[in-house]
Amino acid sequence: MTDPRPTPEARPREGGPWQADTVTTASQPAVPRSGGARGVETYTRFTLYLVVFLEPFFYLYAVGALAGTDAPMPGPAQGTLLVTLGLSHTGLCLATVHAGFDRPFVTGRRPRQVVVALLLATAAVAVAATAILPEPAGRGILGDPRTVMLAVCGAGTVGALAIRVRSRRVLLVGLTVPLVVVAVRLAGGDDVAGTVVVGILTYVFVLFWAGSVRLSMWVLEVVRELDAARQVAARLAVAEERLRIARDMHDVVGRALSAVAVKSELAAALARRGDPRGAEQMDEVRALAQDSLREVRGVVAGYRGADLATELDGARSVLRAAGVAVRVVGDVPDLAAPQVEALAWVVREGVTNIVRHSDAREARIDLADLVDAGGGARELALTVTNDGVRAAAAVDGGGAGLVGLRERLAAVGGALDAEARGDRFVLAARVPAPRPGRENPDAPTREAAA
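Everything numeric here is computed off the predicted structure, so don't read it as measured data. (Residues numbered from 1 in each chain as written. Predicted model: local features only at pLDDT ≥ 70, side-chain atom pairs only at ≥ 80, totals over all residues. Heavy atoms only, no water.)

(A) Expanded view of the overall build of the protein chain. The secondary structure content of the protein chain amounts to 12 helices and 10 strands. In the protein chain, of all internal contacts separated by at least 6 residues, the share reaching a separation of at least 24 is 74%. For the protein chain, the computed accessible surface area is about 24000 Å², with 61% contributed by carbon and sulfur atoms. (Helix = DSSP H or I, 4+ residues; strand = E, 2+ residues; numbered from the N terminus. Contact = heavy atoms within 4.5 Å. Areas by Shrake-Rupley, 256 points an atom, 1.4 Å probe, with all protein chains shown as cover.)

Printed below as a string of structure tokens:
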């Protein structure tokens, strides 16, 4: 036997069978995470890690600038210190980028330790480069080893922080690097005009480095939000389908069990009197149980729909068996399937309520066309009335069945009213109807008395 339940890759379409779609359960994403948001995150991580590892190679420009000057070279100890500080700074940039993917840099009012260590390492590189490396006056960025060290170190720091710092703050934080470069060059006796040009070029370099990091992280954040929204949509689709099944099971099983109880009670009473009609009632109970089983399977599989004419016939049978005189007045409308189905559910729920929650002796179902005097729009009204309001029952229209009916009618632009009028309970539903000339003039008149 095949399993009638839907697969995780499917969702129900209103009024139709299950169709393959991309909306899935939260436990089974539509796109595997290895190729979705996680794939983008992995790609972004390795890309930014490679950007961080470019920092030591940019330091080679400082070595080339130093070799092209007549200034004395740093000693072995000083060179070792600069290399150690530069590599340590690169490692801290990598650690900062890695930490920034998942957690904020500031928790409460305290920055994370890796950020503090990065800032201290940046300051140490700046001090060491200024104290050890010479500054040939009048040279540009690539010809000045100190400017190269300061610019590359500052760009690496701002780029590492840009992974968690917003773009506006990146602009402000990045401004500190050219200001330091300008201050160092002016202190070394460089001319103001050349220093300003070097500062502008340094700022452009820093913003390019940090902007590349920030742009990559922005793309990742967008992908993460889209993935989270997709998961929320999947959960909502599952919740909506569960609500639909619960509502349909209430309507189908409630009416079926009420009919079974009434007919079984009638069959038992006939059997006690030796009336052979008791066997006929039990045959109807069996047929009703089989129909209900088929409808329940249809609810689970998403294929079941309610037919108004069938529900009116079923209402006569069930109410007659319960000892309720019923009269159906009006024409079965020729409307769109969703509207007819909504009215069919009104009939089913109304009959179920009569059998289970009332002491009715008479019931009436009316179908009538109404014309709105304001806009001329037509509506079809279906009213289920019975005279069995129980004195102890509080009628507030808030039962689960009536809530489900209101949801069904609202989906097709209709409305539902439920109220007690003396000893009568009135269930009134309205749905939009086509304009005159579009309805079926040959629709049969369904009027009967029992």
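(B) View of the pairing of strand 9 (residues 424–432). By the bridge criterion, 8 bridges tie strand 7 (residues 378–386) to strand 9 in an arrangement that is antiparallel. From the neighbouring strand, Asn 386 faces strand 9, where its bridge partner is Phe 425. Between strand 8 (residues 415–421) and the antiparallel strand that follows it, strand 9, lie 2 residues; Gly 422 among them carries a positive phi value of about 70°. (Pairing = 2+ DSSP bridges.)

(C) Quick peek at a nonpolar patch on the surface. Among the surface-exposed residues, Leu 186, Val 192, Val 196, Ile 200 and Val 204 lie close enough to one another that they form a single nonpolar patch of about 440 Å² accessible area. Among the elements that take part in the nonpolar patch, helix 8 (residues 192–272) stands out by supplying 4 residues, more than any other. Structurally, Val 204 is set in helix 8. (Patch = residues over 30% accessible without salt bridge, like charges linked within 9 Å, V, L, I, M, F, W, Y side chains within 5 Å. Salt bridge = Lys/Arg side-chain N within 4 Å of Asp/Glu carboxyl O.)

(D) Local environment of the environment of Asp 366. Along the polypeptide, Asp 366 turns up in strand 6 (residues 362–371). Residues Asp 366 and Arg 327, 39 residues apart in the sequence, show an inter-C-alpha distance of 8.3 Å. If we ignore the near neighbours within four places in the chain, the residues touching Asp 366 are Val 329, Ala 381, Leu 382 and Thr 383. Only 2.7 Å separates the side chain of Asp 366 from the side chain of Arg 364, close enough to count as a polar contact. (Polar contact = N/O pair within 3.5 Å; in protein donor to acceptor, adjacent residues only side chain to side chain.)

(E) Local environment of the pattern of salt bridges. A complete count under the given rule lists 10 salt bridges for this structure. Salt-bridge contacts for Glu 311 lead to Arg 348; the nearest nitrogen and oxygen are separated by 2.4 Å. Of this pair, Glu 311 sits in helix 10 (residues 308–321) while Arg 348 sits in helix 11 (residues 337–357), and the two are 37 residues apart along the sequence.

(F) Broad picture of the packing of helix 2 (residues 55–67) against helix 3 (residues 76–100). The contact between helix 2 and helix 3 brings their axes to 10 Å, and the two run at 150°. Accordingly, the angle class assigned to the pair helix 2 and helix 3 is roughly antiparallel. Seen from above, helix 2 lies across helix 3 with right-handed handedness. For the pair formed by helix 2 and helix 3, the contact residues are Glu 55, Pro 56 and Tyr 59 on the first element and Gly 86, Leu 87, His 89, Thr 90 and Cys 93 on the second. Grouping the amino acids of the contact of helix 2 with helix 3 by side-chain chemistry returns 4 nonpolar, 3 polar and 1 charged. (Axes fitted to C-alpha atoms, helices over the stretch in contact; angles between N-to-C directions. Parallel < 35°, antiparallel > 145°, perpendicular 65-115°, else oblique. Left-handed = near helix turned anticlockwise from the far one by under 90°. Nonpolar A, V, L, I, M, F, W, Y, C, P; charged D, E, K, R; others polar.)

(G) Structural detail: the pairing of strand 8. With 7 bridges connecting them, strand 8 and strand 9 associate as antiparallel partners. Within the sheet, the bridge partner assigned to Ala 420 lies in strand 9 and is Phe 425.

(H) Here's a closer look at the packing of aromatic side chains. Taken as a whole, this structure holds 6 aromatic pairs when the rule is applied. Seen from their ring centres, Phe 46 and Tyr 49 are 6.3 Å apart, and the 75° between their planes marks the pair as edge-to-face. With Phe 46 and Tyr 49 both in helix 1 (residues 37–53) and 3 residues apart, the pair spans about one turn of that helix. Exposure remark for Phe 46: the relative accessible area of 54% places this residue in the exposed category. Ring centres of Phe 58 and Phe 205 lie 5.8 Å apart, and the angle between their planes is 65°; this geometry places the pair in the edge-to-face category. Residue Phe 58 is located in helix 2, and its partner Phe 205 is located in helix 8; the two are separated by 147 residues in the primary sequence. Judged by relative accessible area, Phe 205 falls into the partly exposed class, the value being 24%. One aromatic cluster is present, formed by Phe 58, Tyr 61, Phe 205 and Trp 209 through successive ring pairs. (Phe/Tyr/Trp six-rings, centres within 6.5 Å; stacked < 30°, edge-to-face > 60°. Buried < 20%, exposed > 50% of the residue type's maximum accessible area, 1.4 Å probe, protein only.)

(I) Broad picture of the side chain of Arg 408. Residue position: Arg 408 is located in helix 12 (residues 400–411). For Arg 408, a relative accessible area of 11% puts it in the buried group. Apart from residues lying up to four places away in sequence, Arg 408 is in contact with Arg 247, Asp 248, Asp 251, Ala 342 and Trp 345.

(J) Spotlight on the nonpolar core. Counting 42 residues, the largest nonpolar core has Leu 308, Leu 312, Leu 319, Val 347, Ile 365, Leu 382 and Leu 427 as the members making the most contacts within it. Residues Val 158, Val 177, Val 213 and Leu 220 belong to the second largest nonpolar core, which totals 26 residues. (Core = buried A, V, L, I, M, F, W, Y, C linked by side-chain atoms within 4.5 Å.)

(K) Summary view of helix 5 (residues 145–161). Across its 17 residues, helix 5 extends 24 Å between first and last C-alpha, which sits within 8% of the 24 Å expected from 1.5 Å per residue. When you tally the buried positions in helix 5, you get 17 out of 17 residues, the bulk of the element. (Expected span 1.5 Å × (residues − 1).)

(L) Layout of the environment of Phe 53. The residue Phe 53 is located in helix 1 in this model. Its relative accessible area of 43% is what places Phe 53 among the partly exposed residues. A C-alpha to C-alpha distance of 9.1 Å links Phe 53 and Cys 93, two positions 40 residues apart in sequence.

(M) Just helix 11, in detail. For helix 11, with 21 residues, the first-to-last C-alpha span of 30 Å sits near the 30 Å given by 1.5 Å per residue. Across the 21 residues of helix 11, 16 count as buried, placing the element largely inside the fold.

(N) Quick look at the state of the cysteines. Taken as a whole and judged by the stated rule, the model has 0 disulfides. A disulfide-free cysteine, Cys 93 has its sulfur positioned 7.1 Å from the sulfur of Cys 153, the nearest such atom. On the basis of relative accessible area, Cys 153 is assigned to the buried category, the value being 2%. (Disulfide = S-S within 2.5 Å.)

(O) Structural detail: the packing of helix 6 (residues 167–174) against helix 7 (residues 176–187). One way to put it is that helix 6 packs onto helix 7 with a least axis distance of 5 Å and a crossing angle of 10°. In terms of axis orientation, helix 6 runs roughly parallel to helix 7. Along the contact surface, helix 6 presents Leu 172, Val 173 and Gly 174, while helix 7 presents Thr 176, Val 177 and Pro 178.

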